[in-house]
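What follows is each chain in one-letter form.
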Amino acid sequence: MTSPTYDVVAIGNAIVDILAQAEDSFIEEIGVAKGSMQLMFSPEEADALYAKMGPGREVSGGSASNTVAGLAALGSKTAFIGQVADDQLGEVFAHDLRAAGVHFDTEVRPGQPTTARCLIFVTPDGQRTMNTFLGASQFLPASALDETLIASGAILYLEGYLWDPEEPRAAMRKAIEIARANGRKVAFTLSDVFCISRHGDDFRKLIADGLIDILFANENELLALCGKEDFETAVQHVHGQVPVLVVTRSEQGAMALVGDERVEVPAEPIAKLVDTTGAGDSFAAGFLHGQAQGRSVKDSLRLGALCAAEIIQHYGARAEVDLKALAAEKLG
């Protein structure tokens, strides 16, 4: 087995986030659940909602993309595989990600549909309500995978959000095969309770078959995955099936179970909660960077908590401070 070239290679939705502030009354008006993520199934629907938005800000996003951007900011070497269209938003996505230091060279897809976009409404309490048109991102074919690139990553990181469409689901299954054939680890984030409601059987089979080495979940996702109401029962149920289980619990902090070791850390204190967009993605970046650097489980959790705390104190899912310097200051 050759030494890896990249710390993490990720596959995920290539989405441009458009963020705008909104009142609770607006969320009620458009008829969606506050703090949730729902899909829009046509560009016309996305355009109609976009027309109702206040002043917005565009930045490349997507769960796994946010994670590798955070990893790059911390100093890890990362790459991303995701599908954009040959349009302006596709150019925005590619430029932002490359400028963040992430290797990205997936060939663009000509014609319709357009590059994916996520319309994010941030309410005064910092909650983000996401409305996503998956567009071109749901047409990532297995043929677009760079097998050499996947084999060169120490960790393959996959997001549950991309499991819905058939083509990317097949691509991710193939990527898992490539990674494992080359002795690499596979990390998977459950992404959202709605993903589990649609594809829980698939996720549970991946875990039961021993194909996942590192599993990321928040508390609600873990309970949904197991069909349990008690947190500790759910933890023990999944812990025996994955080498590394990482669970975030919002203001209650986070925990990881690695073999017989159980480690918990508190949430990092913040001055003000502004926007929770990308908090879980950033946490995963911090944890994976810590592991890539050979840090302890506790330090990796603390680094994840630091990154998440930075993200939720401003709008958007990308860091606005020097994460590498922040990590050095707090953890040495």
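Residues numbered from 1 in each chain as written. Predicted model: local features only at pLDDT ≥ 70, side-chain atom pairs only at ≥ 80, totals over all residues. Heavy atoms only, no water.

Caption draft 1: A look at the overall build of the chain. When helices and strands are counted, the chain shows 12 helices and 14 strands. What you see for the chain is a C-alpha radius of gyration of 18 Å, in line with the 20 Å of a compact globule of 332 residues. The contacts of the chain with a sequence gap of at least 6 include a subset with a gap of at least 24, amounting to 74%. Accessible area of the chain: about 13800 Å², with a carbon and sulfur share of 48%. The chain carries 27 positive and 46 negative side-chain charges, and their two centres are separated by 4 Å. (Helix = DSSP H or I, 4+ residues; strand = E, 2+ residues; numbered from the N terminus. Rg over C-alpha atoms; globule rule 2.2 N^0.38 Å. Contact = heavy atoms within 4.5 Å. Areas by Shrake-Rupley, 256 points an atom, 1.4 Å probe, with all protein chains shown as cover. Lys, Arg positive; Asp, Glu negative; His and termini not counted. Charge placed at Lys NZ, Arg CZ, Asp CG, Glu CD.)

Caption draft 2: View of the packing of aromatic side chains. Inspection of the entire model under this criterion finds 10 aromatic pairs. Summarising the aromatic geometry, the rings of Phe26 and Phe121 are spaced 4.9 Å apart at their centres and angled 50 degrees between planes, so their arrangement reads as tilted. Linking Phe26 in helix α1 (residues 24–30) with Phe121 in strand β7 (residues 116–122), this pair joins segments that are 95 residues apart in sequence. Of the two residues examined, Phe26 and Phe121, each falls in the buried class. Measuring from centroid to centroid gives 5.0 Å for Phe188 and Phe203, while their planes differ by 65 degrees, and the two rings are edge-to-face. With a gap of 15 residues between them, Phe188 in strand β10 (residues 185–189) and Phe203 in helix α7 (residues 193–208) connect regions that are remote in the sequence. The pair Phe188 / Phe203 is uniform in exposure class, with both members buried. An aromatic cluster of at least three residues, connected via ring pairs, comprises Phe80, Phe93 and Phe104. (Phe/Tyr/Trp six-rings, centres within 6.5 Å; stacked < 30°, edge-to-face > 60°. Buried < 20%, exposed > 50% of the residue type's maximum accessible area, 1.4 Å probe, protein only.)

Caption draft 3: Summary view of the sheet that holds strand β8 (residues 128–133). Reading across the sheet, the 5 strands line up as β3-β8-β7-β2-β4 and stay open at both edges, with mixed pairing between neighbours. Looking at the sheet topology across the chains shown, the edges are occupied by β3 (37–40) and β4 (57–61). Put simply, the sheet's adjacent strands are angled 25 degrees from each other on average, direction ignored. Sheet analysis places β7 next to β8, joined by 6 bridges and oriented antiparallel. In the sheet register, Arg117 faces β8, and the bridge partner there is Phe133. Contacting β2 (15–21), β3, β4, β7 and β8, helix α2 (residues 43–52) crosses the sheet at an angle of about 30 degrees to β7. (Pairing = 2+ DSSP bridges. Axes fitted to C-alpha atoms, helices over the stretch in contact; angles between N-to-C directions.)

Caption draft 4: Seen up close, the UniProt feature "domain: Carbohydrate kinase PfkB" (unreviewed entry) in the chain. This chain's UniProt record puts "domain: Carbohydrate kinase PfkB" (unreviewed entry) on residues 57–319. For the annotated span residues 57–319, helix accounts for 41% and strand for 21% of the residues, and the straight-line distance between the end C-alpha atoms is 15 Å. (UniProt positions renumbered as here; feature names shortened; annotations may be inferred.)

Caption draft 5: Inspection of the side chain of Gln83 at higher detail. Within the element layout of this structure, Gln83 appears in the loop between β5 (78–81) and α4 (88–99). Classification of Gln83 as buried rests on a relative accessible area of 4%. In this structure the side chain of Gln83 is engaged in a polar contact, spanning 2.9 Å, whose partner is the backbone oxygen of Glu107. (Polar contact = N/O pair within 3.5 Å; in protein donor to acceptor, adjacent residues only side chain to side chain.)

Caption draft 6: How the structure looks around the nonpolar core. Ile11, Ile150, Phe188, Leu215, Leu222 and Leu245 are the most contacted members of the largest nonpolar core, which totals 56 residues. Broken down by element, the residue count for this core peaks at 6 residues, all from helix α6 (residues 166–181). Beyond its immediate sequence surroundings of up to four residues, Leu222 is in contact with Ala217, Phe231, Ala234, Val235, Val238, Leu245 and Val247. With 37 residues, the next largest nonpolar core counts Val8, Ala64, Val263 and Leu301 among its residues. (Core = buried A, V, L, I, M, F, W, Y, C linked by side-chain atoms within 4.5 Å.)

Caption draft 7: Just the pairing of β7, in detail. Here β7 lies mainly inside the structure; 7 of its 7 residues are buried. Neither face of β7 is left uncovered, since the one carrying Ala116, Cys118, Ile120 and Val122 and the one carrying Arg117, Leu119 and Phe121 both have all their residues buried. With 7 bridges joining them, β2 and β7 adopt parallel strand pairing. Bridge assignment links Asp17 to a residue of β7, and that residue is Cys118. Linking β7 to β8, which pair antiparallel, is a turn of 5 residues; within it Gly126 sits at a positive phi near 90 degrees.

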